Amino acid sequence: MRVRDMMFMSLFAAIIGVLAIFPPIPVPVIPVPVVAQTLGIMLAGGILGAKRAGLSVLLFVFLIAVGVPLLTGGRGGLGVLVGPTGGYILSWPIAAWIIGYFTEKNIHSLTYWKLVLITTFGGVIIVNIIGVTYLSILSNLPWGPTAVSALVFLPGDVLKALIASAVIIKINQVYPLIDRGQRITY
């Protein structure tokens, strides 16, 4: 891995951490707050590509696990990962990788609306499926009602997907980090 790649991966881990500056919005129906950090997950995937985005967010989750207070509200540590928000946080590297993978596969024909679908799939659907499943198992509640309570996140998550897609399109036009000439194989 090149130093340039490591620099961008560290930069995006820092960007996700900086997004913690926005205070969490508590939701009365579910013990998981609305946070701005999922915007950083979507941006990492769409700008860095699958491998670098996944590793960048994995670095971020590792820093949380060792206690660095990078989450909204100054939280960090293993307790956060085994608490109600743990499934959402643990889904972030997977979501970033998925967004990066589909962005790479479509880099030559990438449009705003295609990118909205990609970021919505990876950053909203995947994150919520994993987060709801984890929360359901952790709190010993049925999956269905837990999933219904998580619908409260949908408007904000879709808004973040729209914003992330606009930023990703512009950055990929001006300063593409995903090599357009490479053959991507996994």
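Residues numbered from 1 in each chain as written. Predicted model: local features only at pLDDT ≥ 70, side-chain atom pairs only at ≥ 80, totals over all residues. Heavy atoms only, no water.

Brief notes about the nonpolar core
Proteins that are soluble and globular tend to have nonpolar side chains buried together. Formed by 48 residues in total, the largest nonpolar core has its most connected members in I30, V57, F60, Y88, I89 and W92. Within the residue set of this core, elements represented by two or more residues are α1 (3-18), α2 (37-48), α3 (50-65), α4 (78-81), α5 (86-105), α6 (112-139) and α8 (154-174). The contacts of Y88, once residues within four sequence positions are left out, are I30, V32, V127, N128, G131, V132, A150 and F153. (Core = buried A, V, L, I, M, F, W, Y, C linked by side-chain atoms within 4.5 Å. Buried < 20%, exposed > 50% of the residue type's maximum accessible area, 1.4 Å probe, protein only. Helix = DSSP H or I, 4+ residues; strand = E, 2+ residues; numbered from the N terminus. Contact = heavy atoms within 4.5 Å.)

Overview of the pattern of salt bridges
Side chains that differ in sign of charge can pair as their charged atoms come close. Under the defined criterion, the tally for this structure stands at three salt bridges. A salt bridge links D5 to R52, with the nearest nitrogen and oxygen atoms 3.1 Å apart. Taken together, the residues D5 in helix α1 and R52 in helix α3 connect sequence positions 47 residues apart. For D5, a relative accessible area of 11% translates into the label buried. Its salt-bridge partner being D157, residue K160 comes within 3.3 Å of it at the nearest N-O pair. (Salt bridge = Lys/Arg side-chain N within 4 Å of Asp/Glu carboxyl O.)

Considerations on the environment of M1
Of note, M1 is situated in the segment before α1. By relative accessible area, which is 52% here, M1 ends up exposed. Sequence-wise, M1 and R52 are 51 residues apart; in three dimensions their C-alpha atoms are separated by 9.6 Å. Excluding anything up to four places from it in sequence, M1 contacts M6, M9, K51 and L55.

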